[in-house]
Amino acid sequence: MAVRVCPLEDIVPGAGVAALVGGEQVAIFRLDDESVHAVGNRDPFSNANVLSRGIVGDLKSELVVASPVYKQHFNLLTGRCIEDASARIPVYAARVEEGWVVVEPRRQVATTCCYCGVGCGVVATAHKHGVFSVKGDPAHPANHGRLCTKGAALHLSTDKGARLLYPEVRGERKTWDEALEHAAGEFRRIIAAHGPDAVAFYISGQLLTEDYYVFNKLAKGLVGTNNVDTNSRLCMSSAVAGYKQSLGADAPPCSYEDIDAADLILIAGSNTAFAHPILYRRIEDARAKSPGLKLVVIDPRATVTARAADLHLALKPGTDIALFNAMLHVLRREGFFAPSFLDKHTENFEELQPLLDFWTPEKAAEVCELPVESIVEAARLFGGAKAALSLYCQGLNQSASGTWKNCALINLHLATGQIGRPGAGPFSLTGQPNAMGGREVGGMANLLSAHRDLSNPADRAEVAKLWGIKTVPDKPGKTAVEMFEAIGRGEIKAVWIACTNPAQSMPDANAVRKALSAAEFVVVQEAFRDAETCDYADVLLPAASWGEKEGTVTNSERRISRVRAAVQPPGEARTDWRIAVDFARRFSAAGEKLFPFRNPEQIFDEHRETTRGRDLDITGLSYAVLDRDGPQQWPYPEGAGSGRVRLYADGVFPTPSGRARFVATEYMPPAEEPDGQFPIRLTTGRLRDQWHSMTRTGLVARLFSHSPEPEIIVAESDLQKNGLSNLALVRVTSRRGSLVMKIRASDDMRPGDAFIAMHWGGRFMGGAGTNALTVPAIDPYSKQPELKHAAVRIEPFAARWRGAFAAIATPELQRAAGAWLTRFDYAALTLAEGPEILLRLELATAGDPDSKALAELEKLFGQPPVTGAAAFERAVCACFKVDESQIRAAVAAGATLARLQKDLKCGTNCGSCVPELRRLAAA
Ligand code: SF4
C-alpha cells in the first residue's frame, strides 16, 4: 500500500526529509523541477540515518545524494554508491498525487534460490527498479536463513543490460505473434515432411515444475515425439537409474535432518563445501555438536571437503566401483552384514558373490591406487556406524558407468541395513534446483508423468487418458547426447532449447556447436542474451528469470517449495510455461484444449492429479497448502497432514517383490584412459562461486574473486616434469579440442591428474570452453555422459605478445570484448570488484599480435593494454574481499579462525569460505 507522506509544499525544493514508510526510514527529496525521489535513509558506511540531510545534485551526469558523514555519493535512481560499486541503498517508488508526496513501501517476497539442489529459501526485497536485496529465509527448512555466496548475490545478477528483451527472428526484432507463428510454421513444415521425430525439445533442470510439465505434454501429447530431454541428463540420471535398479523407484530415501542423526557421513564424488555449501555447513554444525560423527570422503582431489574428513580416500579417478566392491568384501569378511535385513528385505545377493570374492582390498588397492589400510578402515567405519549416511553427486553420476557406481554404493547400505532409519541411507545430492521436479512430471526422453515409464504400455495408456489424447508415442526419445548427435547427422532437423546452454555445457562442445550450426531450425528460449547457444538461434524468445516467475521446485530431499515473482520480467520477456502454451496453441488446433492453462497454479493442479496413487503422490498438496504450511516433502497424499520425511522405514521397496535389489556391479575403467599421446587424466568440477555456464553468475564481479580466470590445476611434480612455472600459459589438448589457459600447481592433485572447472565457456575464454575437451561417452542405463574423465596432454605455450585491457564494466563492454576472445591464441575475460567494477581482458599471441585488432581494442577499452604476464590475487572471502595472502599472513602471525573472523571479517557473512578458512588456520 502506497503511503501518503506529506504535502509536497512541506519539503523545501532541493532538500530532503525523513519519513517512516512500511516501518523503514526513507529519505525523500524534492528537486527544483518538482519531482520527488526516495531512498533508504541509512548511510551504509556510517550506519547512521542521515541521508535525508545530504546534498542532492549532479555528479558526472548522475543524480546523486551526498552523505553528510563520509561524503559518499548515491545515485537517486538506482541506489548505487558512486565510490564503491558493491554498496547500494534501497530506492523507493515516489510520486506526487494531488499535491501529496506518495511513497511505495518495498515488497518482500519469499521464494527459492535458482542455483543448486539444496533448494534454499530466499527472501527477496524488491522495489520499482527490481530486486534490491536478498537474505536467507529463516522459515525455510532447507537453509534456516542461510545463503551461500551465490545465493547471497542473486540480486546482483539482475542487470537488464544482460537480458534478452524482445523476440527475434534471425537477428531481427519481431512481435511475439510473429516469432511464435514463424516457429509453429517451421515445426509444422518439418514434421509434415519428416515426421514428428524430426523435431526435439532440449530443456532444463532450472525450469520450474510447471514449465517442465507443459513442455513434456507439448512434446509427447501434442507434437507426438518423445524427443524431449533435459540438461538433468548431464547431472542426475545415473542417480535415478541407480535408485531404480537398486530400490525400485526414483526416490531419494533421506532428508537433510538425517545429517544430524548420522554417526558416519560418507561423501563420494562431491566437493560438498563448494557444490552444496549450505548443506555442508549443516554437516559442520552436526560435527561440532557430535564429536563422534565421522566423515569419510572419497575423491581423487584433496578438496576443502576432503581435507576436513577423518579419512580421505584419494582414489584414482573413475575407480569407485572397485573401492565399493572391496568395502563390501571387508564388511562381509568382518561380520558387519545385517543378516536379518538382508534376508527379509533384499534379493539378488547371490549374484554378487563372485564379485565379492574377486574384489579383495588388496586387489582394489592396486586398481584404485589407495593403501589397503584405508579401504579396510573406510569399510570398518561404515560397518561400525549406528547410522551411516552416504552423500554423493557428480563424481559418481558423470561417468560411463555412473549407474553402477550408484548401485555399488547402495549395495553397502543394503548389506548392512543402513537405510530407512534416522541418519542412514544413500542420499544423492541434486545438482540443479529442479532436476527432481522435472523427473516428477516425466520431462525426459524415457519417462512419463509422475514417475511413469515410457516403455510400459499401461503407463502410456494412463497418461494418454489423463491428458485426453488417443496415445502417447511409444518410440523412445533421444537423450541429451543422442539428441545432439542426431541433430549433427541431420535426423533431427528442428530443436527447441529452453533455459539451458548446450553450446557450452554438453560434452564435446565443438561437435555440439557444429550440430547446432547445421540444424535446419533452432529456437532458443533464454533469459540472458549472451548465452553461447543464442548464437545458433533462428528464433530467440526472451524468457523470464529468477525473481520474475511463479511456480514450484523440488530439492534433493523431495521437498517442494514455492517460487514467487518479486518483479515483472523486463522488456517483453515472458514466463517459460506461457511461451510453451502460446506455441502449443499456435502449433495445432488441439493446443487450445490440451493447454487451457491461464496460470501456473492450474498446471500444478493438473500435474498433481497425475500423481494420484503413485510413489510421489502429492494429491494433498496445493499452492494454498504450500503458502500456508511452507515447503513440503513428497509423498503427501490427500488426507495427509504432512509429507514423508524418510522412505522405506517399513523395509518395503517399490519393486515387484517389495525387496531391494543387489546389483552385481562390475568395475569398468573410464571410457578414455590416458595413453602416450594424451597422458594426463582430466577431471572437471564446480567452483564455489560460479554456477553452470555462468550466464547469471558471470555477471557478478564478486563471484569472480575466488577463482578469477580459467586454469588447469595439476600436481607440483607434473609442473616440474614439464619444465613449467606456476601460472605459465599452456595448451591443453584432447582428441576433440584444444584450449590455451594458465596452469597452476596445487597439492590438491594426484600426480598425473588435472582439473579444470566446468563453468568456463566461450564467453570467458578463447575456444568452446572446458567441454571442448570432454568425452561424449555415455552410461548404458542412464545415458549420462562421462563429463568427469578425459585424456589430455599439456604443452607449454610460448607467447610472443601478452597484455591486458581493462575498463569499467558494463554488459555492453562485456559483450563487445567477448567478441574478441576467438581472435587471439589465448584470451580470458574476468570481472574484478573494487571501487569500480572492472572488466579485464587478458590476451596472448604465439606470433606478432594483429596491430589493427589491438588498436580497435584500445578504442573499445579507452586505454592501451598493460603488456606482460599478469596474475590475480585470489580472494578466499568473496563477501569482504579478503585475499588468501592476507589470511596466510595473519595465520603466520598466530591468528586462529575466530581471530581471522574478528580482525578481517572473513567468513562472517554468508560463511561459504569458513571451510577454507578453517583449513588455512590449521595449516
Ligand atoms: Fe542457492 Fe547456495 Fe542454497 Fe545452493 S546452497 S540453493 S546455491 S544459496
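Definitions and cut-offs
- Residues numbered from 1 in each chain as written.
- Predicted model: local features only at pLDDT ≥ 70, side-chain atom pairs only at ≥ 80, totals over all residues.
- Heavy atoms only, no water.
- Helix = DSSP H or I, 4+ residues; strand = E, 2+ residues; numbered from the N terminus.
- Rg over C-alpha atoms; globule rule 2.2 N^0.38 Å.
- Buried < 20%, exposed > 50% of the residue type's maximum accessible area, 1.4 Å probe, protein only.
- Contact = heavy atoms within 4.5 Å.
- Areas by Shrake-Rupley, 256 points an atom, 1.4 Å probe, with all protein chains shown as cover.
- Lys, Arg positive; Asp, Glu negative; His and termini not counted.
- Charge placed at Lys NZ, Arg CZ, Asp CG, Glu CD.
- Near = heavy atom within 4 Å.
- Nonpolar A, V, L, I, M, F, W, Y, C, P; charged D, E, K, R; others polar.
- Pairing = 2+ DSSP bridges.
- Polar contact = N/O pair within 3.5 Å; in protein donor to acceptor, adjacent residues only side chain to side chain.
- Axes fitted to C-alpha atoms, helices over the stretch in contact; angles between N-to-C directions.
- Parallel < 35°, antiparallel > 145°, perpendicular 65-115°, else oblique.
- Left-handed = near helix turned anticlockwise from the far one by under 90°.
- Phe/Tyr/Trp six-rings, centres within 6.5 Å; stacked < 30°, edge-to-face > 60°.
- Lys NZ or Arg CZ within 6 Å of the ring centre and 35° of its normal.

1. Here we look at the overall build of the protein chain
The helix and strand inventory of the protein chain stands at 30 helices and 46 strands. Its C-alpha radius of gyration of 28 Å places the protein chain within 12% of the 29 Å reference for a compact globule of 923 residues. In terms of overall dimensions, the protein chain has a C-alpha envelope of 90 × 70 × 55 Å along the principal axes. Evaluated residue by residue, the protein chain yields a buried proportion of 64% over its 923 residues. Sequence-distant contacts in the protein chain: of pairs separated by 6 or more residues, those separated by 24 or more amount to 70%. Surface exposure of the protein chain reaches about 31900 Å², of which carbon and sulfur atoms provide 51%. Each charge class in the protein chain was averaged separately, 104 positive and 108 negative side chains, and the resulting centres sit 1 Å apart.

2. What about the site of the ligand?
Taken together, the residues surrounding the ligand are Cys113, Tyr115, Cys116, Val118, Gly119, Cys120, Leu147, Cys148, Lys150, Gly151, Pro277 and Ile278. Broken down by secondary-structure element, the contributors of at least two residues to the shell around the ligand are α1 (149–152) and α7 (277–289). Classifying every residue of the shell around the ligand gives nine nonpolar, two polar and one charged.

3. Notes on the sheet that holds strand β42 (residues 826–832)
Strand order in the open sheet formed by four strands is β42-β43-β41-β44, and the pairing between neighbours is antiparallel. Looking at which strands have only one partner, the edges of the open sheet turn out to be β42 and β44 (866–867). Two strands pair when backbone bridges link them, and strand β41 (residues 801–808) and strand β43 (residues 838–845) are joined in this way by eight bridges, in the antiparallel orientation. In the sheet register, Arg802 faces β43, and the bridge partner there is Ala844.

4. A word on the sheet that holds strand β4 (residues 36–40)
Pairing in this open sheet of four strands is antiparallel, and the strands run β2-β3-β4-β10 from one edge to the other. At either end of the open sheet lies a strand with only one pairing partner, and these are β2 (15–21) and β10 (91–92).

5. Digging into the side chain of Ser255
Tracing the sequence through the fold places Ser255 in the loop between α4 (237–247) and α5 (258–261). At a separation of 2.8 Å, a polar atom in the side chain of Ser255 contacts the side chain of Gln633. Other than its neighbours up to four places away in sequence, Ser255 contacts Phe427, Glu557, Arg558, Gln633 and Val645.

6. A word on the packing of helix α28 (residues 884–892) against helix α30 (residues 914–922)
The N-to-C vectors of α28 and α30 enclose an angle of 40°; their axes lie 9 Å apart at closest approach. In this view, α28 runs oblique relative to α30, as classed from their interaxial angle. Seen from above, α28 lies across α30 with right-handed handedness. Here Glu884, Ile887, Arg888 and Val891 of α28 lie close against α30, whose contacting residues are Leu917, Leu920 and Ala921. Class assignment for the residues of the contact of α28 with α30 results in five nonpolar, no polar and two charged.

7. What to know about the environment of Val891
By secondary structure assignment, the location of Val891 is in helix α28. Residues Val891 and Ala923, 32 residues apart in the sequence, show an inter-C-alpha distance of 8.3 Å. Setting aside residues up to four positions removed in sequence, Val891 forms contacts with Leu900, Leu920 and Ala921.

8. Some words on the packing of aromatic side chains
Overall, the coordinates contain 23 aromatic pairs when judged by the stated rule. Relative to Trp691, the ring of Tyr115 has its centre 5.9 Å away and its plane inclined at 50°; by these criteria the two rings are tilted. Placement of Tyr115 in the loop between β13 (107–112) and β14 (121–127) and of Trp691 in the loop between β35 (680–685) and β36 (711–714) is noted, with a sequence separation of 576 residues between them. Trp691 matches Tyr115 in its accessibility class, with the two residues each being buried. The structure contains a cluster of three or more aromatic residues connected by ring pairs, namely Phe187, Phe201, Phe215, Trp496, Phe521, Phe583 and Phe587. Taking the ring centre of Trp634 as reference, the NZ or CZ of Arg558 above it sits at 5.8 Å. Looking at Arg562, its charged tip hangs above the ring of Tyr623, at a distance of 4.1 Å from the centre.

So far we have only geometry, and geometry alone does not tell us how the molecule works.
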